Amino acid sequence: MATEGQKVVLITGCSSGIGMAIAVRLARDENKRYYVIATMRDLKRKDKLVEAAGDAYGRTLSLLSLDVCSDESVKQCVDSVKDRHIDILINNAGVGLVGPVEGLSMEDMTKVFETNFFGVVRMIKEVMPDMKRRRSGHIIVISSVMGLQGVAFNDVYSASKFAIEGFCESLAVQLLKFNVTMSMIEPGPVHTEFEMRMIEDVSKKEFAGTDAETLHHFRTCYLTGAVNIFQVLGQTPKDIAKVTKKVIESPHPPFRNLTNPLYTPIVAMKYADDTGSLSVHTFYHMLYNLGGVMNVSVSLMKCLSCGCIRKRTISPI
């Protein structure tokens, strides 16, 4: 149970990856400023988190079962928190989906939105009224740079992140009136077991209904270099946790927070051209003409971040 002066933090999706890293970092805060309620669908998967938390487990960190896709589960979880008092809500639970659209089932697409969009909405709807009533609180959503810039063959995942970005951007304006802060954390590639397992799984899929040319582009231009970009440009869950803690402790938390500065020019490029053609054609060339977007070198990314590549007109393909 939280002690006086501690902020109660509820985090979704803590069985591994980013959620686990954030939970551990906050729970092990040297000044013990946070009491962390780490949640996951299946508490049988708690072992890694408990081990990583060390002596913080049972002191500044506790566990609760939570399925963000269930209205009942969300309500039961929040109701079990003392006085339903949550100072900081961190929405991290999410699922990915990669592949040619014509080879993806509507069921799988729906599951992505059920977790990445409606799961976040459920949590906010349950926690927000109490925060508004207290006129205090901070809602954080682990989004993605793909919520700002679409990436080929990540169409549905990107769409789910675009959706939650729009939802939160709209809601943030209203929440200011109640002294409640909204912040988006927007990582690029993050090297986790989840990502690597997903890439391995999709490499074996046939994607029935996809034409041979598109499937060839997916496997040779995109998938072959996927592991490489995660290893070369990817951050770790600890990196994301560090940024998240910094946002929490900021006196004026920014709404949008890119975690990897190498991706700043990509986002800037999109907003530099109101027609959208610059980013679309640039990504086309990166995917098909530069050896695949997943093999773009770090030097090119650094060049972009230093402003060496400036806005210019790219002829239509």
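A few points on the structure.

On to the sheet that holds strand β3 (residues 61-65). Strands pair in a sheet through their backbones, by hydrogen bonds, and they do so in one of two ways: parallel or antiparallel. Taken together, the seven strands give an open sheet; going across it, the order is β3-β2-β1-β4-β5-β6-β7, and neighbouring strands pair in parallel fashion. Edge positions in the sheet fall to β3 and β7 (256-258), since each has one partner strand and no second. In this sheet, adjacent strand axes meet at a mean angle of 20 degrees when their direction is disregarded. Relative to strand β5 (residues 137-142), strand β4 (residues 88-91) is paired through four bridges, and the arrangement is parallel.

Among the surface-exposed residues, Arg 25, Lys 238, Lys 242 and Lys 246 lie close enough to one another that they form a single positively charged patch. No other element matches helix α10 (residues 237-249), which puts three residues into the positive patch. Of note, Lys 238 is situated in helix α10. Since its relative accessible area comes to 65%, Lys 238 is described here as exposed.

Before going further, it helps to examine the pairing of strand β6 (residues 180-186). Taking burial as the measure, the seven residues of β6 include six buried ones, the bulk of the element. Here β5 pairs with β6 via six bridges, running parallel. Across the sheet, residue Ile 139 finds its bridge partner in β6, namely Met 182. What joins β5 to β6 is helix α6 (residues 155-176), and the crossover it makes is right-handed. Alignment of β6 against β7, held across three bridges, turns out to be parallel. Across the sheet, the residue bridging to Glu 186 is Leu 258, located in β7.

The next thing to look at is the pattern of salt bridges. Considering all chains together, one arrives at 17 salt bridges under this definition. The partner of Lys 111 in a salt bridge is Glu 107, and the shortest N-O contact between them spans 3.7 Å. Pair noted here: Lys 111 and Glu 107 are both in helix α4 (residues 106-116), with a separation of four residues, about one helical turn. A salt bridge links Arg 256 to Glu 169, with the shortest nitrogen-to-oxygen separation between them at 2.7 Å. Of this pair, Arg 256 sits in strand β7 while Glu 169 sits in helix α6, and the two are 87 residues apart along the sequence. Three or more residues are tied together by salt bridges with common partners; here these are Lys 75, Asp 79, Arg 84, Glu 126, Asp 130 and Arg 133.

Parameters and conventions
- Residues numbered from 1 in each chain as written.
- Predicted model: local features only at pLDDT ≥ 70, side-chain atom pairs only at ≥ 80, totals over all residues.
- Heavy atoms only, no water.
- Pairing = 2+ DSSP bridges.
- Helix = DSSP H or I, 4+ residues; strand = E, 2+ residues; numbered from the N terminus.
- Axes fitted to C-alpha atoms, helices over the stretch in contact; angles between N-to-C directions.
- Patch = residues over 30% accessible without salt bridge, like charges linked within 9 Å, V, L, I, M, F, W, Y side chains within 5 Å.
- Areas by Shrake-Rupley, 256 points an atom, 1.4 Å probe, with all protein chains shown as cover.
- Salt bridge = Lys/Arg side-chain N within 4 Å of Asp/Glu carboxyl O.
- Lys, Arg positive; Asp, Glu negative; His and termini not counted.
- Charge placed at Lys NZ, Arg CZ, Asp CG, Glu CD.
- Buried < 20%, exposed > 50% of the residue type's maximum accessible area, 1.4 Å probe, protein only.
- Right-handed = clockwise from strand over helix to strand, strands pointing away.

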